[in-house]
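Structural description and commentary
Chain by chain, the residues:
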Amino acid sequence: MLTLRVQNSIQKCLDSIPDDYEGEVFITVPAGIYEERVEITRPNVTLEGISAAGSIIRSAYHASEILKDNKRRGTFRSYTMRVDAENVHLKNLTIENASGPRKTAEQALALYADGEKLTVTNCRIVGRQDTLFIAPLPKKELYPGGFAGPGETKERITLHQYYRECEIEGDVDFIFGSGAALFEKCTIRSVSEKEITEDFLSGKINGLGYVCAPSTYCGEEFGFVFNHCDFVSDLPKESVYLARPWRDYGKCVFLNCRMEEHIKAEGFHDWNKENARRNCFFAEYESTGPGATGKRADFAACLNLEQAESFSAERFKKLYGFDS
């Protein structure tokens, strides 16, 4: 194993690895704020900070920026960190997109997660809209140039990822994508800008955000699975939806999760898509807390024990080779 310690730049440390080295790489990230974009494009890398509060990676790219070619940066070129390799492990880090208010910055990725068997442990992933993208992209874009970025020409193969004891923060569709991911004992925090919250309180808008926007491929067994996670916020009562389908077959399952009062009674939104109402799969088992007591949308499922076990964390980890 090659062991390295970051000096001034995480990316420079990654770039120092010899091209012909094929073994495992362990990189320690000392305490500090690293104002840079980080791209991990080689397999078997572990990037470990001192703590999520101590080792912070931050940038401020966002979708509405105009580039030198007079085109918008767009969602998928706005990331702070991109992982595009197998068997990468991120531990004890904050990955933040600090681009500012959503009304001006629009979409802004913190983590572009494009790796099979990516594991993320005890990390904070912080942004506003589109904080965490779990690749791959949907199979077809809705308008030309919508997928501009590093993944638009890649083969669309479902990836499997594991997030454990992380805090993920955002406002709209802040966990999204076509991959399959297990979130275990994570804190999912919804936020909003002051003026948007005031619009909600005055009745001008119906809600303040959506946690998930899955675009799971048709026929996939797993989309996003949340196991023993806490959905928390200081936002007003019944102001946030758990999920809406970015594409028609989007899947989200919530197992033994605690939900604070910001979660809307109906829980889920169909994005005004009739096909999605028929084909998406949004389901819960044993949700608790004030955000779990309302009458859910009629297209959402309440699982029994046998059904819930088919989506269990243990089964997911066993099927896709993640250590317990």
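Residues numbered from 1 in each chain as written. Predicted model: local features only at pLDDT ≥ 70, side-chain atom pairs only at ≥ 80, totals over all residues. Heavy atoms only, no water.

1. Section: the overall build of the protein
Basically, it comes down to this: Starting at the N terminus, helices and strands are each numbered in turn, a helix being any DSSP run of H or I of at least four residues and a strand any DSSP run of E of at least two. The globule rule used here is 2.2 Å times the number of residues to the 0.38 power, and the radius of gyration it is set against is calculated over C-alpha atoms. Relative accessibility under 20% of the residue-type maximum defines a buried residue, over 50% an exposed one, and the middle range a partly exposed one, all with a 1.4 Å probe and only protein chains included. It only takes one pair of heavy atoms within 4.5 Å for two residues to be counted as in contact. Computed by Shrake-Rupley with a 1.4 Å probe, the accessible areas treat only the displayed protein chains as cover when residues are assessed.
Summing up its helical and strand segments, the protein has six helices and 26 strands in all. The C-alpha radius of gyration computed for the protein amounts to 19 Å, which stays within 12% of the reference 20 Å derived for 324 residues, consistent with globular compactness. Taken across its 324 residues, the protein has 56% of its residues classed as buried. Here the contacts in the protein between residues at least 6 apart in sequence split such that 71% fall between residues at least 24 apart. Entry remark: accessible area of the protein is about 14,200 Å², with carbon and sulfur atoms responsible for 46%.

2. Focus on unusual backbone geometry
Look at the link from Ala 135 to Pro 136: it is a cis peptide, with omega at 15 degrees. Positionally, Pro 136 belongs in the loop between strand E13 (132-134) and strand E14 (160-164). In this structure, Glu 165 is a non-glycine residue whose phi angle is positive, near 55 degrees. Position of Glu 165 relative to the elements: it lies in the loop between E14 and strand E15 (167-170). Residue classification places Glu 165 among the partly exposed positions, given a relative accessible area of 43%. Here Glu 286, not a glycine, exhibits a phi torsion of approximately 55 degrees, which is positive. Among the structural elements, Glu 286 can be located in the loop between strand E25 (281-285) and strand E26 (301-302).

3. Brief notes about the packing of aromatic side chains
What counts, and what does not: What counts as a ring pair is set by centres within 6.5 Å for rings of Phe, Tyr and Trp (its six-membered ring), and what kind of pair is set by the plane angle: stacked under 30 degrees, edge-to-face over 60, tilted for all other angles.
According to the stated counting rule, one finds 27 aromatic pairs in the structure shown. Aromatic pair Phe 222 and Phe 311: ring centres 6.0 Å apart, planes at 90 degrees, arrangement edge-to-face. On the criterion of sequence distance, the pair formed by Phe 222 in the loop between strand E19 (209-214) and strand E20 (224-227) and Phe 311 in the loop between helix H5 (305-309) and helix H6 (313-320) is long-range, its members being 89 residues apart. Here Phe 222 and Phe 311 have matching classes, each one buried.

4. Describing helix H3 (residues 194-201)
Because each turn of an α-helix spans 3.6 residues, side chains separated by three or four positions end up pointing in the same direction. Note the following rule: The directions from the helix axis to the C-beta atoms are what the arc is built from.
Of the positions making up H3, those classed as buried are Ile 196, Thr 197 and Phe 200. The arc enclosing the buried residues of H3, seen along the axis, measures out at 100 degrees, which places them on a common side. Exposed and facing more than 90 degrees away from the buried side of H3 are Lys 194 and Leu 201. Looking at the buried positions of H3, the neighbouring elements they touch are helix H2 (102-105).

5. Quick word on the confidence of the model for the protein
Applicable threshold: Confidence of the predictor at the level of single residues is given by pLDDT, which spans 0 to 100.
On average, residues of the protein carry a pLDDT of 97, and 100% of them reach 70 or more. Mean pLDDT across the elements of the protein bottoms out in H2 (77) and peaks in strand E10 (residues 111-113) (99).

6. Examining the sheet that holds E13
The strands making up a sheet associate through hydrogen bonds between their backbones, and the pairing can be parallel or antiparallel. The condition that has to hold: The rule for pairing is simple: two strands pair if DSSP sees at least two bridges between them. With axes taken as lines fitted to C-alpha atoms, and helix axes fitted only over the stretch in contact, angles between N-to-C directions fall between 0 and 180 degrees.
As summarised here, the arrangement of the seven strands in space is E4-E7-E10-E13-E16-E19-E22, forming an open sheet in which the pairing is parallel. The sheet is open, and its two borders are formed by strand E4 (38-40) and strand E22 (240-243), each paired with just one other strand. Strand-to-strand twist across the sheet, computed as the mean angle between neighbouring axes with direction ignored, equals 10 degrees. By the bridge criterion, three bridges tie E13 to strand E16 (residues 172-177) in an arrangement that is parallel. Its bridge partner being in E16, Phe 133 is matched across the sheet by Phe 176.

7. Things to note about the pattern of salt bridges
Worth spelling out the cut-off: The salt bridge definition used is simple: a Lys or Arg side-chain nitrogen within 4 Å of an Asp or Glu carboxyl oxygen.
With the rule as written, the count across this model stands at 19 salt bridges. Linking Glu 274 and Arg 278 is a salt bridge whose minimum nitrogen-to-oxygen distance equals 3.8 Å. Here Glu 274 and its partner Arg 278 are both found in helix H4 (residues 274-279), four residues apart, which amounts to about one turn of the helix. Like Arg 278, Glu 274 is exposed.

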